[in-house]
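Coordinate inspection notes
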Amino acid sequence: MAQEAQNKSSRSRERLSKLIREGGELLTVEHAARILDVNNDEAAKTMARWRNQGWLSRVKRGVYVAVPVEAVSAERALEDAWVLIPELFGPAYVGGWSAAEHWDLTEQIFRDICVFSARPVAKRQQVMHNIPFVVTHAAPEQHFGTKPVWKKEQKILVSDPAKTIVDMLSNPWTGGGIQHVTDCLKQFFKSAHFNADQLVEYAAKLANGAVFKRLGFLTSQTLGENHPLIAACEARLTKGNAQLDPTHKGDRLITHWRLFVPSGLSFKGGTE
């Protein structure tokens with residue numbers, strides 16, 4: 001009986017090693033069924049058993065990661081949390097403050113990972129495997145201007161520098177608030193990434209009139225009133241007034257840009 005149990009345990013370890021070796025860092029029931037040549041029900045039961053034995057850690061229903069032998073707890077952080085994004089939120093891309101960090105547009109470090117997902121988003125803040133994500137819904141037609149990044153042989157999409165800026169101008173909270181968005185924009189202007197034509201193209205494609213109002217105003221504060229980007233924004237102004245930051249209601253109207261700006265923020269004066 002002892003020999004039979006030992007053989008069974010050895011076969012189980014071999015199957016687990018095969019799954020981890022061929023499945024990569026993020027393991028799903030579907031992956032396991034294909035790799036182990038079993039049906040989904042049997043794969044699910046096997047993975048649940050390995051989880052109970054401490055070899056796998058559950059991220060969400062049907063999704064697991066392997067626990068290394070040296071781990072003191074199954075609730076470990078992934079070596080690179082971005083590998084979770086395609087499975088958890090795809091079609092999706094990394095954007096906002098997380099993309100700004102990736103492209104060196106900010107020195108600020110955020111714990112949460114900012115994700116734009118085409119899936120319906122019931123809960124903006126989500127914690128998966130002890131990793132905090134902030135998820136924003138973005139319709140499929142808004143998933144442009146991305147670059148592939150490879151993590152552990154997993155392809156993850158991240159918004160390119162210009163799309164990162166446009167997304168943050170469209171929803172300033174995805175950039176950590178308008179003051180931080182302004183800092184990222186200034187760094188973008190100074191960097192090799194700066195391409196005014198691409199910025200205008202992306203902003204027009206996003207079809208949010210507030211983007212040109214915010215971009216025009218902030219550009220005038222940074223690059224001066226005579227920069228060509230100013231004229232491009234002026235030519236695309238939509239009717240109505242917008243808030244510079246919807247979460248920080250402005251108390252003065254910059255009529256030229258049809259923009260309400262909070263007086264407490266550190267911007268130069270403008271035409272009232």
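To be clear, the structure that these remarks concern was listed above.
Owing to the predicted nature of the structure, the values given are computational and were not obtained by experimental measurement. (Residues numbered from 1 in each chain as written. Predicted model: local features only at pLDDT ≥ 70, side-chain atom pairs only at ≥ 80, totals over all residues. Heavy atoms only, no water.)

With respect to topology, 3 strands assemble into an open sheet ordered 1-3-2, the strand pairing being antiparallel. The open sheet terminates on both sides in strands that have one partner only, identified here as strand 1 (26-28) and strand 2 (56-60). Looking at each pair of strands side by side, their axes are set apart by 40 degrees on average, direction ignored. Sheet analysis places strand 1 next to strand 3 (residues 63-66), joined by 3 bridges and oriented antiparallel. For Thr-28, the partnering residue across the bridge sits in strand 3 and is Val-63. (Pairing = 2+ DSSP bridges. Helix = DSSP H or I, 4+ residues; strand = E, 2+ residues; numbered from the N terminus. Axes fitted to C-alpha atoms, helices over the stretch in contact; angles between N-to-C directions.)

It is worth spelling out the nonpolar core at this point. Ranked by size, the top nonpolar core spans 59 residues in total, and within it Ile-85, Phe-133 and Ile-165 carry the most contacts. Setting aside anything within four residues of it in sequence, one finds Ile-165 in contact with Leu-105, Cys-184, Leu-185, Phe-188 and Leu-199. Judged by nonpolar contacts, the second largest core, of 15 residues, contains Leu-16, Leu-27, Ala-33 and Tyr-64. (Core = buried A, V, L, I, M, F, W, Y, C linked by side-chain atoms within 4.5 Å. Buried < 20%, exposed > 50% of the residue type's maximum accessible area, 1.4 Å probe, protein only. Contact = heavy atoms within 4.5 Å.)

Taking 1.5 Å as the rise per residue, helix 7 (residues 178-190) with 13 residues should run 18 Å; its terminal C-alpha atoms sit 18 Å apart, in good agreement. If you follow the buried residues of helix 7, they end up packed against helix 5 (96-102), helix 6 (161-170), helix 8 (196-206), helix 9 (209-222) and helix 10 (228-234). (Expected span 1.5 Å × (residues − 1).)

Okay, the sheet that holds strand 10 (residues 242-243) next. Strand pairing in a sheet relies on backbone hydrogen bonds, with the paired strands running either antiparallel or parallel. If you trace the 3 strands from one edge of the open sheet to the other, you get 10-12-11, paired in mixed fashion. Only two strands of the sheet have a single neighbouring strand rather than two, namely strand 10 and strand 11 (252-254). With 3 bridges connecting them, strand 11 and strand 12 (residues 259-261) associate as antiparallel partners. Along strand 12, the bridge assignment pairs Arg-252 with Val-261. Sitting on the sheet, helix 9 touches strand 10, strand 11 and strand 12, and the angle it makes with strand 12 is about 55 degrees.

The subject of this paragraph is the pairing of strand 2. When strand 2 meets strand 3, the two strands line up antiparallel, connected through 4 bridges. If you follow Arg-58 over to strand 3, its bridge partner there is Tyr-64. Remark: 2 residues form the turn of the hairpin made by strand 2 and strand 3, two consecutive strands paired antiparallel; Gly-62 in that turn has positive phi of roughly 80 degrees.

For the bond running from Gly-90 to Pro-91, omega is 0 degrees, close enough to zero to count as cis. Summarising the element assignment, Pro-91 is placed in the loop between helix 4 (85-89) and strand 4 (92-94). In this model, Asp-104 sits at a positive phi of 60 degrees, which is unusual for a non-glycine residue. With respect to the helices, strands and loops of the structure, Asp-104 is situated in the loop between helix 5 and strand 5 (113-117). Of note, Arg-258 is a non-glycine position whose phi angle comes to about 50 degrees, a positive value. Inspection of the secondary structure assignment puts Arg-258 in the loop between strand 11 and strand 12.

Attention now moves to the packing of helix 2 (residues 29-36) against helix 3 (residues 40-52). Two elements in contact, helix 2 and helix 3, have axes separated by 8 Å at closest approach and are oriented at 105 degrees. Here helix 3 runs roughly perpendicular to helix 2, going by the angle between their axes. Touching Val-29, Glu-30, Ala-32, Ala-33 and Leu-36 of helix 2 are Asn-40, Ala-43, Ala-44, Met-47 and Trp-50, all from helix 3. (Parallel < 35°, antiparallel > 145°, perpendicular 65-115°, else oblique.)

A word on the packing of aromatic side chains. Per the counting criterion, the structure on display carries 7 aromatic pairs. Between Phe-188 and Phe-189, the ring centres sit 6.3 Å apart and the planes meet at 45 degrees, which makes this aromatic pair tilted. Here Phe-188 falls in the buried class, since its relative accessible area comes to 0%. These aromatic residues form a ring-pair network of at least three members: Phe-188, Phe-189 and Phe-194. Over the face of the ring belonging to Trp-82 we find Lys-151, whose NZ or CZ atom lies 5.1 Å from the ring centre. (Phe/Tyr/Trp six-rings, centres within 6.5 Å; stacked < 30°, edge-to-face > 60°. Lys NZ or Arg CZ within 6 Å of the ring centre and 35° of its normal.)

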